[in-house]
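A closer look at the structure
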Amino acid sequence: MKIASWNVNSLNVRLPQLEQWLGEFAPDVVGLQETKLEDHRFPDDALAALGYRSVFHGQKTYNGVAILARNHALEDVQIAIPGFDDAQARAIAATVGDVRIVNLYVVNGQDVGTEKYAYKLRWLDAVHGWLAGELQRHERLVVLGDFNIAPDDRDVHDPATWNDEHILTSTAERAALQRLLALGLHDGFRLHNDEGGIFSWWDYRQAAFRRNLGLRIDLTLVSDALRGSTANAGIDRTPRTWERASDHAPAFVELA
DNA sequence: ATGGTAGCTCCGCTA
């Protein structure tokens, strides 16, 4: 089972690219982030024509998440983090076959010390409580999404800039990610790759993609029970090379 | 430290 995560940065703009990529990459499950679409505008019919069912949680202009699945129903759908009052559409979960999928668009946080940064840390704390319960209910759990946190220095092009006081790499953000992993989750990518310099996001500015000035912030985490059956993991850079691309490339994990 | 680009909405905000 091929499971992927892609921040499309507007599904309205990127639908043709999503359709092409679904055909070429043929994932079984996809978590999307930054769809930027209200639910009544979600293109579920176009995706169904390609064999994908979808569940979604969106809003106008910002945020928005969805889960797509091929040849499977999406069951026990959870919209948003339970018990956490959140005006922003950033979380959705569903069960696909015997795997529970949690799809997150983690808060960016703008800059360390800002109100948005405090919201990011509060949000991650709420996710921690939610995932603890999800792991109780579902041994086979995949938590994927745009985490807006680069786990360690291998995951940034310039550790001097992206240091412990910088947004996306700060001490508190990385600690919050480690706290999620400590629940019994593993960075699927790192089960199969020790290298640095492999990224999932490149800023639109300064020709960052061409110069590979990126970060690895899109993650696919697998639970203890899935660790042994994680056959492969990586990042598909192909859609990032296309005209009018998203600034993110899909991250994926394959379960045997 | 700043400002660079992209998407969307409304002329700024978010990333």
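Located above this text is the structure these notes cover.
Residues numbered from 1 in each chain as written. Chains lettered and ligands numbered in written order. Predicted model: local features only at pLDDT ≥ 70, side-chain atom pairs only at ≥ 80, totals over all residues. Heavy atoms only, no water.

**Digging into the overall build of chain A**
Going by this rule: The secondary structure listing takes helices from DSSP runs of H or I that are at least 4 residues long and strands from runs of E that are at least 2 residues long, numbered from the N terminus. Both definitions apply: the radius of gyration is a C-alpha atom measure, and the globule rule equals 2.2 Å times residues to the power 0.38. When a residue's accessible area, from a 1.4 Å probe over protein chains only, is under 20% of the maximum for its type it is buried; when over 50% it is exposed; and in between it is partly exposed. By definition in these notes, contact holds between two residues if any of their heavy atoms fall within 4.5 Å. Per-residue and other accessible areas follow the Shrake-Rupley method at a 1.4 Å probe size, with only the shown protein chains counted as cover for residues. Neither His nor the chain termini are counted; the positive set is Lys and Arg, and the negative set is Asp and Glu. All charge positions are set by atom: Lys at NZ, Arg at CZ, Asp at CG, Glu at CD.
Per the secondary structure count, chain A includes 5 helices and 14 strands. A compact globule built from 256 residues would reach a C-alpha radius of gyration of about 18 Å, and chain A, at 17 Å, matches this within 12%. Going through the 256 residues of chain A one by one, you find that 57% of them count as buried. Once local pairs closer than 6 in sequence are excluded, the contacts in chain A between residues at least 24 apart make up 69%. Roughly 10,700 Å² of accessible area belongs to chain A as shown, and the carbon and sulfur atoms make up 45% of that amount. Charged side chains of chain A number 26 positive and 36 negative; the gap between the two group centres comes to 3 Å.

**Let's talk about the side chain of Glu173**
What counts here: Distance and chemistry together define a polar contact, namely a pair of N or O atoms within 3.5 Å, with one atom able to donate a hydrogen and the other to accept it when in protein, and with adjacent residues in sequence counting only for side-chain atoms on both sides.
If you trace the backbone, Glu173 turns up in helix α4 (residues 171-181). Residue Glu173 is classed as buried on the basis of its relative accessible area, which comes to 0%. A polar side-chain atom of Glu173 sits 2.5 Å from a polar atom in the side chain of Lys120. Here the side chain of Glu173 touches Ser170 through a polar contact of 2.5 Å, side chain to side chain.

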